[in-house]
Amino acid sequence: MSLLPADAVQPQPETVDPLEIRRRGVKRLLLTLPAYAAVIGVLWVGVSLGVVSALPVLVLAAAIASGLAGFYLVLRAGVMTRSADPLLAFPQVLFNLAISALWYAIADNLRGAALLWLSLVIVFDMRRLPPRQVRFAAGFSLLALVLVTAGRALLHSGPQDWPLEFFMLGLPAVLLPVLMAVAAQARVLRRRQLRQKEQMALALEQLRQLSIRDGLTGLFNRGHMLELLDAEARRTQRSGRGFSVALLDIDFFKRVNDGHGHAVGDAVLRDFARLGLSVFGQEPDALARWGGEEFLLLLPGATAQEAAAALEGLRAEVHAHDWGAHARGLAVTFSAGVCAHRPGDAPALSLEQADEALYAAKAAGRDRVLVGGEGERAVEAAGPRIDRRPAGADAPRVALAASAATGEQAEPAAALRRSSPWQRLRDLPMIGLDERLRPFQYMCLLSGAVYLACIAGFLGFVQPAGMLDARQTHLFVAHNLIGAFAPSVLLRLPMTARLRDPTFALAQLLWAGTGLLVAYALMPGIGSVILQMIAVCVVFGLAVLRVGEALILGLYLIGALLLVFGLRWASSRSGIDLRLAGIEVAMSCVVLWLLTVQSLGFARSRERVREEKRKLAEATGEVNRVLMHDALTGLFNRQHMQHLLERECGRHRRSAVAFCVALVDLDHFKRINDGYGHRVGDEALAGFAAAAREVLRETDVLARWGGEEFLVLLPESEPVASGLLALDRLREALAARCLCPAAPQLQVTFSAGVAEYRPGEAIEQTLARADQALYAAKAAGRNCCRVG
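This is a predicted model, so every value here is computed, not measured.

A few words now on helix α4 (residues 54–77). The α-helix winds at 3.6 residues per turn, so residues separated by three or four positions along the chain end up facing the same way. Look at α4: 34 Å from first C-alpha to last across 24 residues, which is about the 34 Å you get at 1.5 Å a residue. Within α4, the full set of buried residues consists of P56, V57, L60, A63, I64, G67, L68, F71 and L75. Positive backbone phi, approximately 75°, marks G78, located one or two places after α4.

In structure tokens:
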């Protein structure tokens, strides 16, 4: 079981700087200025052409300027940084909706352009709001338009074209749910992106922790401690303030493994690490597992005598600990060698002196602390014990390293609630659809509802008003029926369901946009309504189009609209104010381009989400790889091997296929470390692992079991017929190769114990028999194998 500090694997709460909130709020407000400026500019062109009254434009410009100035001052002052909405997104949404209603009220001949502005406001702002505020804003905008229409009817004494008024009011009633749905899709995308970023940060932090920490004890590993030593040596070289290092070794640890088993040995190492952190867990002290039962302690700013006195405190903690909880009669002590690092010396020299002091402590009887480099002497004369325990910490905080390794989060409780009748009705069209296709079906249903509403408009208003003849009406109805039902049919076809875009979204939107452009050419009397519908085409594309497709759609609609208007201008049809129509078209082009820019942003966000999802999968896979593998040899680690052994036992119970295990121990490995250094020892371990991978069968599983011990799982093997032969091949391969280029004369041998799994026994018993066979091989002179 792996242990890591809890704060190393749990995401810390994000603290946002109030200055950063103010900066983001002001930046977001400034991003809206070009849109406002473009709208006022187009309206002012209409004033100069004499088709728009100057007073409404001045009133609108004054309202916009005063509102923006107020928001700027509030955001700049930062008075709302601690509120639930520090960016003032919801107030700005309501302000923009009020501007649209004001525009709709005072601009007699450009009221339709206010509806264009409404779609832009909803797309830009509502995706940032929670659903309740979105519904409130949509209801507010519709109510405001109704009140404006009623107010205009009361204030204007002339006759009202009520069919047209109701038609224009019906349009927002139909389109607002569409815009809300698109805003909901944008919120989902935004939440997914934020969640993936959090998961990525957690996975990367876990990966970082796993790369610097020992998997068994949770302490720093050897590689990271070497980096800390080098950094501390450089700091000492600049400042002249020294530090001390200490090598700690658990006394007679091999007897613990031999007499009580490796599980007890692992428990002893974990408890010793906990005790070490309880004394030396405060920054900048650092404790690392150096290898096997050895630990290295770094104490910046401490003299050798202070370090030795602190280690005496750890000795007292070790003596007082209840080791008998792991095995009856078990007692644990440790020996330590301390050295004070001198500025200018290499860290390796200080480590060597601490190592010499450690062996002197062992030679003096163990269970003691000696200072090296100053005529080795016992610490009892060093003075009172120094307590380096973190304040208020009786024990270190620990957490499972495997916790949340995939970065996945639990589903909220709300997702487990029983679905409502409305939800069951909504999900009815999803029956038989793959989960991946359901979002596409929602958009198909939404677009189908809009098409059907257009058909109702053609039959209930356009044809009775004489804007189209019966033949044209029938063609438009057929066009809309195709657009309403063809996407859902395509979605359920086997040949298209596997495509990246099974509904051909770009083709759909081009189909809808082309029909609307034809309608705009034939029905200039409701041109403003049709222009609003053209804008909705781009809004639909926000949720589904890729970057290139969004650009194609926007440029096509703008270019085609200008072409239709140019043809209308060239034909000089009577009864149409081309200057007013030109202002409407110019306003539409501005809104269409701004919506296209938004669509491009949405498409890029979706691409980032996909890329971050891929990176998250890679990071999660890397975390899992680190969790399962030993960092030095690349073999499976002990924890994962335990899992594989349990699986093999289950397979044996089901199919009765025999398997055996072999415990392998490199002979006299401590002599290699002592005589050649730990670097050569590491090369020997890695070389042995490489040789074993080459010689053993592909089905054999090799793991580093601990220190210089390895465990081999031999599926479908018997000890004598297969196990011993495989190990003999490995012995021959080792004899013929040089494991350590730095020490070519070094010859590495191993001893091994093989045991076959017996039906019904626990895997621990099989490992115990292999362990006994291993020690029988050592007792027989080493460099041989025995069967247990």
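Overall, the coordinates contain 8 aromatic pairs when judged by the stated rule. A centroid spacing of 5.9 Å and a plane angle of 55° characterise the contact between F565 and W569, whose relative ring orientation is tilted. In this pair, F565 and W569 both sit in helix α20 (residues 547–571), 4 residues apart, roughly one turn of the helix. With a relative accessible area of 14%, F565 lands in the buried category. For the pair F659 and Y757, a centre-to-centre distance of 5.0 Å together with 15° between the ring planes defines the contact as stacked. Of this pair, F659 sits in strand β9 (residues 659–666) while Y757 sits in the loop between β12 (750–756) and α26 (763–779), and the two are 98 residues apart along the sequence.

Our next topic: the confidence of the model for the chain. Of all residues in the chain, 80% have pLDDT values of 70 or greater, and the mean over the chain is 78. Counting interchain partners and residues more than four positions distant, the pLDDT-below-50 stretch residues 374–418 has 82 contacts.

On to the environment of L562, then. Mapped onto the elements of the fold, L562 is located in helix α20. On the basis of relative accessible area, L562 is assigned to the partly exposed category, the value being 44%. For the pair L562 and G582, spaced 20 residues apart in sequence, the C-alpha separation works out to 9.3 Å. Setting aside its immediate chain neighbours within four residues, L562 contacts V585 and C589.

Moving on, we get to a positive patch on the surface. Taken together, the side chains of R191, R192, R195 and K613 make up a positively charged region of the molecular surface. Examining the composition of the positive patch, we find that 3 residues originate from one element, helix α8 (residues 162–212), more than from any other. Position of K613 among the secondary structure elements: in helix α21 (residues 578–628). When its relative accessible area of 55% is taken as the criterion, K613 is described as exposed.

Here we take up the pattern of salt bridges. One pass over the structure, following the stated rule, counts 19 salt bridges. Between E20 and R23 there is a salt bridge, with the nearest N and O atoms lying 2.7 Å from each other. Within this pair, E20 and its partner R23 are both found in helix α2 (residues 18–31), separated by 3 residues, close to a single helical turn. Taking relative accessible area as the criterion, E20 reaches 29% and is therefore assigned partly exposed. Residues D249 and K362 are paired through a salt bridge, measuring 3.2 Å at the closest nitrogen-oxygen approach. Of this pair, D249 sits in strand β2 (residues 243–250) while K362 sits in helix α13 (residues 347–363), and the two are 113 residues apart along the sequence. Take D249 and K362: they sit in the same class, and that class is buried.

Here the focus is the sheet that holds strand β11 (residues 709–715). Taking strand neighbours across the sheet as the criterion, the 5 strands line up as β10-β11-β9-β12-β13 in an open arrangement whose pairing is mixed. Of all strands in the sheet, those bounded by a partner on one side alone are β10 (701–706) and β13 (785–787). Taking each pair of neighbouring strands and ignoring which way they run, the sheet shows an average axis angle of 20°. Here 5 bridges tie β10 to β11, and the two strands are oriented antiparallel to one another. Considered in β11, the bridge of V701 is made with L713. On top of the sheet, helix α24 (residues 678–695) reaches β9, β10, β11 and β12; it is set at about 160° to β10, its chief contact. The strands touched by α26 are β9, β10, β11, β12 and β13; relative to β12, the strand with the most contacts, the crossing angle is about 145°.

Our focus in this paragraph is helix α23 (residues 669–676). For α23, the set of buried residues is F669, I672 and N673. Mapping the buried residues of α23 onto a view down its axis gives an arc of 95°, with all of them on the same face. Facing away from the buried surface of α23 by more than 90 degrees, the exposed residues are R671 and G675. Summarising the contacts, the buried residues of α23 are in contact with β9 and α24. At the C-terminal side of α23, G677 shows a positive phi close to 100°.

Its location among the elements puts I763 in helix α26. In this structure I763 comes out as buried when scored by relative accessible area, which is 3%. When the C-alpha atoms of I763 and E648 are compared, they prove to be 9.6 Å apart, with 115 residues separating the residues in sequence. If we ignore the near neighbours within four places in the chain, the residues touching I763 are L645, E646, C649, F659 and Y757.

Taken N-terminus to C-terminus, the directions of helix α18 (residues 505–522) and helix α19 (residues 527–541) make an angle of 170°; their axes are 9 Å apart at the nearest point. Between α18 and α19, the angle is such that the two are roughly antiparallel. Of α19, the residues touching α18 (which contributes L509, A512, G513, L516, L517, A519 and Y520) are G527, I530, L531, M533, I534, C537, F540 and G541. The class makeup of the residues in the contact of α18 with α19 is 12 nonpolar, 3 polar and no charged.

Turning our eyes to something else, we now look at the pairing of strand β5 (residues 334–341). Of all 8 residues in β5, 7 are buried; the element is thus mostly enclosed. Where β2 and β5 come together, 8 bridges link them in antiparallel fashion. Looking at the pairing, D249 lines up with S335 of β5. Inspection of the sheet shows β5 paired to strand β6 (residues 369–371) by 3 bridges, in the parallel sense. Residue pairing across strands places A336 opposite V369, the latter belonging to β6. A crossover connection joins β5 to the parallel β6 through α13; in handedness this β-α-β unit is left-handed.

Here R222 is to be found in helix α9 (residues 222–239). Classification of R222 by relative accessible area gives buried; the value is 18%. The residues touching R222, leaving out its near neighbours within four places in the chain, are R289, W290, H678 and D682.

Procedures and definitions
- Residue indices follow the written sequence of each chain, beginning from 1 at its first position.
- With the structure being a predicted model, the display of local features is reserved for residues of pLDDT at least 70 and the display and counting of side-chain atom pairs for 80 or more, all residues being used for whole-chain, interface and lining totals.
- No hydrogens and no water enter the side-chain calculation; it runs on all heavy atoms of the structure.
- Comment: elements are numbered from the N terminus, with helices defined as DSSP H or I runs of at least four residues and strands as E runs of at least two.
- The span expected for a helix works out to 1.5 Å for each residue beyond the first.
- Partly exposed residues are those whose accessible area sits between 20% and 50% of the maximum for their type, while under 20% is buried and over 50% is exposed, using a 1.4 Å probe and protein chains only.
- In this analysis, rings of Phe, Tyr and Trp, with Trp reduced to its six-membered ring, are considered paired at centre separations within 6.5 Å, and the interplanar angle assigns stacked below 30 degrees, edge-to-face beyond 60, and tilted for intermediate values.
- The predictor attaches a confidence to each residue, and that confidence, scored 0 to 100, is pLDDT.
- Contacts: residue pairs with any heavy atoms within 4.5 Å of one another.
- Patch membership is restricted to residues that have no salt bridge and whose relative accessible area is over 30%. Joining uses 9 Å for like charges and 5 Å for the nonpolar side chains Val, Leu, Ile, Met, Phe, Trp and Tyr.
- In these tables, accessible area is a Shrake-Rupley quantity obtained with a 1.4 Å probe, and a residue counts as shielded only by the protein chains included in the view.
- Salt bridge, as used here, is a side-chain nitrogen of Lys or Arg placed within 4 Å of a carboxyl oxygen of Asp or Glu.
- Working convention for charge: Lys and Arg count positive, Asp and Glu count negative, and His plus the chain ends are omitted.
- Lysine's charge is taken at NZ, arginine's at CZ, aspartate's at CG and glutamate's at CD.
- Any two strands with at least two DSSP-identified bridges between them are counted as paired.
- As a rule, the C-alpha atoms of each element are fitted with a line to give its axis, helices using only the stretch in contact, and angles between N-to-C directions run from 0 to 180 degrees.
- Picture the helix axis, draw a direction to every C-beta atom, and the arc is the one those directions span.
- Note that the term roughly parallel is reserved for angles under 35 degrees, roughly antiparallel for angles over 145, roughly perpendicular for angles of 65 to 115, and oblique for everything else.
- Amino acid classes used here: Ala, Val, Leu, Ile, Met, Phe, Trp, Tyr, Cys and Pro are nonpolar; Asp, Glu, Lys and Arg are charged; the rest, including Gly, are polar.
- By definition, the crossover connecting two strands over a helix is right-handed if that path, from the first strand to the second, turns clockwise as seen with the strands pointing away from the viewer.

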